[in-house]
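For reference, the chains in residue letters:
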Amino acid sequence: MSGIERELRDLFADAGVRGWLHVADVRDPAARVAVDPEGNVPVGSLYKVPLMVAFCRLAEAGVLDPVRRLTLDPADRVPGPTGLSLLRDAATLSLRDLVVLMMTVSDNTAADAVLRAVGPAAVEEVCRIFGMPRTHIRGGAARAWERLVEETGAASPAAALARVADNDEAVSDAVYDPVSKASSTPADMARLLRAIWTDRAASAEWCRFMREAMGSQAWSHRLASGFPYDDVTVSGKTGTFGAMRHEAGVVELADGSAYTAVVFTRAARADRRLPRADAVIGAAARAAVEELRAAEGR
């Protein structure tokens, strides 16, 4: 075990989490730091990244009209703590704006509408094209909620979430089985991020759109917390599922260097709020980036 891997495992242990990590130079992916990078786990809202790529590729090909307007009624709502999931009345937005909502505030209702328009097969095709063999979306957030209700025996999504968050409640192993949930690995997500940042995921115009969307994410308590500087740009997408807290993103430094940073965690406790479990994502990513920069003589 290398010194940096030992340091990262100690960071995860001190925060009370199991961690999986893949951090690499965007332009030289062989320059990397990794901790169990092929670990396959439920990823929560991280499925929205390949969904975004699939949308952009279909829009670029003329298969989808990005400005086509959809009206979402209350019956279309998918449980979630942000965006359209909280609204009580019908809302009309373009497909492109729905993508922005699903990426910036992780809007589950917006993401479900985009997934219906894009189709699961197109997302799976993105995963195939970009070398992500262990990434599968399996119906996204809507299906994940259905499965969680089934697996916990709860009466509703809210009750299922409360049961998973109860440290005194025995939770079935099926809840965290990646076979039945949207799942991925840090290495897979890093490959897709690299494609977005090198204009290979779609045209340069659509890749710029994707980078801007990820750069506008509202949350700064995970990956960005490790890089609290005005001259550092952190773009990312969080994913949360029960005791699992993740983020996949790119850290761009003032000297022009850029690093894909993907960190998955599973906390030992099921509490909904565990600040140290969130913060260790940024701390681990920063330690890995610093290790790479030192090796590169920067």
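Structure first, text after, so check above.
Source: prediction; values computed, not measured. Here, residues in each chain are numbered from 1, in the same order as that chain's written sequence. In keeping with the predicted nature of the model, local features appear solely for residues at pLDDT of at least 70, side-chain atom pairs appear and are counted solely at 80 or more, and the whole-chain, interface and lining totals rest on all residues. In computing side-chain properties, one takes all heavy atoms of the structure into account and sets aside hydrogens as well as water.

**Q** Lay out the overall build of the protein in plain terms, naming residues and giving numbers.
**A** Per the convention used, a helix needs a DSSP run of H or I reaching at least four residues, while a strand needs a run of E reaching at least two, with both numbered from the N terminus. The secondary structure content of the protein amounts to ten helices and nine strands. Relative to the globule expectation of 19 Å for 298 residues, the C-alpha radius of gyration of the protein, 18 Å, shows essentially globular dimensions. If one aligns the C-alpha atoms of the protein with their principal axes, the spans along those axes are about 55 × 50 × 35 Å. Considering only intrachain contacts with a sequence separation of at least 6, the fraction spanning at least 24 residues in the protein is 67%. Here, Shrake-Rupley sampling with a 1.4 Å probe gives the accessible areas, and only protein chains in the shown set may cover a residue. Of the roughly 12500 Å² of accessible surface on the protein, a fraction of 49% belongs to carbon and sulfur atoms. Taken as two groups, the 36 positive and 40 negative side-chain charges of the protein have centres that lie 2 Å from each other. Using C-alpha atoms as the atom set, the radius of gyration is obtained and then compared with a globule rule of 2.2 Å times the number of residues to the power 0.38. We call two residues in contact whenever any of their non-hydrogen atoms come within 4.5 Å of each other. The charged-residue count follows a simple rule in which Lys and Arg add positive charge and Asp and Glu add negative charge, with His and chain termini not counted at all. Charge coordinates come from a single atom per side chain, which is NZ of Lys, CZ of Arg, CG of Asp or CD of Glu.

**Q** Provide a residue-level description of the packing of aromatic side chains, including the pertinent values.
**A** By convention, a stacked pair of Phe, Tyr or Trp rings (six-membered ring in the case of Trp) has centres within 6.5 Å and planes under 30 degrees apart, an edge-to-face pair has planes over 60 apart, and any other such pair is tilted. If you walk through the whole model with that rule in mind, you get three aromatic pairs. Judged by centre distance (5.8 Å) and plane angle (90°), the rings of Phe55 and Trp206 are edge-to-face. Separated by 151 residues along the polypeptide, Phe55 in helix H2 (residues 48-60) and Trp206 in helix H9 (residues 204-215) bring together distant segments of the chain. Of the two residues, Phe55 and Trp206, neither departs from the other in class, the shared state being buried. With a centroid separation of 5.3 Å and 85° between ring planes, the pair formed by Trp206 and Phe209 is classed as edge-to-face. Here Trp206 and its partner Phe209 are both found in helix H9, three residues apart, which amounts to about one turn of the helix. Under the scheme applied here, a residue whose accessible area is under 20% of the maximum for its type counts as buried, over 50% as exposed, and between as partly exposed, the area being computed with a 1.4 Å probe on protein chains only.

**Q** So what's going on with unusual backbone geometry? Which residues, and what values?
**A** Within the chain, Asp36 stands out as a residue other than glycine whose phi angle is a positive 50°. On the secondary structure map, Asp36 appears in the loop between strand E2 (32-35) and strand E3 (41-42).

**Q** Lay out the sheet that holds strand E7 (residues 233-241) with the relevant residues and their values.
**A** What makes two strands pair is DSSP finding at least two bridges between them. Pairing in this open sheet of five strands is antiparallel, and the strands run E2-E1-E9-E8-E7 from one edge to the other. In the strand order of this sheet, the two ends are held by E2 and E7, each with one partner. Recorded for the sheet is a direction-independent mean angle of 10° between the axes of neighbouring strands. Two elements, strand E1 (residues 17-25) and E2, share four bridges in a ladder whose sense is antiparallel. The residue bridging Ala24 from the neighbouring strand is Arg32, located in E2. Axis angles are defined between N-to-C directions and span 0 to 180 degrees, where every axis is a line fitted to C-alpha atoms and, for a helix, only to the segment in contact. Along the sheet, helix H8 (residues 186-197) makes contact with E1, E7, strand E8 (244-252) and strand E9 (258-267), crossing E9 at roughly 150°.

**Q** Let's hear about a negative patch on the surface: which residues, and what values?
**A** Patches were defined on residues exceeding 30% relative accessible area and lacking a salt bridge, with like-charge contacts within 9 Å and nonpolar side-chain contacts (Val, Leu, Ile, Met, Phe, Trp, Tyr) within 5 Å. Each salt bridge in this description consists of a side-chain nitrogen of Lys or Arg and a carboxyl oxygen of Asp or Glu lying within 4 Å of one another. A cluster of acidic residues, Glu7, Asp10, Asp14 and Glu291, forms a negative patch at the surface. In terms of residues, the negative patch owes the most to one element, helix H1 (residues 3-14), which gives three residues. Locating Glu291 in the fold gives a position in helix H10 (residues 275-296).

**Q** Outline the environment of Ala160, listing residues and values.
**A** Inspection of the secondary structure assignment puts Ala160 in helix H7 (residues 157-164). Note on Ala160: relative accessible area 0%, which makes it buried. Sequence-wise, Ala160 and Val149 are eleven residues apart; in three dimensions their C-alpha atoms are separated by 5.5 Å. In contact with Ala160, not counting residues within four places along its chain, are Leu148, Val149, Thr152 and Ala154.

**Q** Pulling in residues and values, what's your account of the packing of helix H3 (residues 95-104) against H9?
**A** Orientation of H3 relative to H9, taken along the N-to-C sense of each, is 40°, at an axis distance of 8 Å. Relative to H9, H3 is oriented oblique. Across the interface between the two elements, Arg96, Val99, Val100, Met103 and Thr104 of H3 pack against Trp206, Phe209, Ala213 and Met214 of H9. Here the residues of the contact of H3 with H9 sort into seven nonpolar, one polar and one charged. Should an angle fall under 35 degrees it is called roughly parallel, over 145 degrees roughly antiparallel, and 65 to 115 degrees roughly perpendicular, with every other angle called oblique. Residue polarity follows a fixed list, in which Ala, Val, Leu, Ile, Met, Phe, Trp, Tyr, Cys and Pro are nonpolar, Asp, Glu, Lys and Arg are charged, and the others, Gly among them, are polar.

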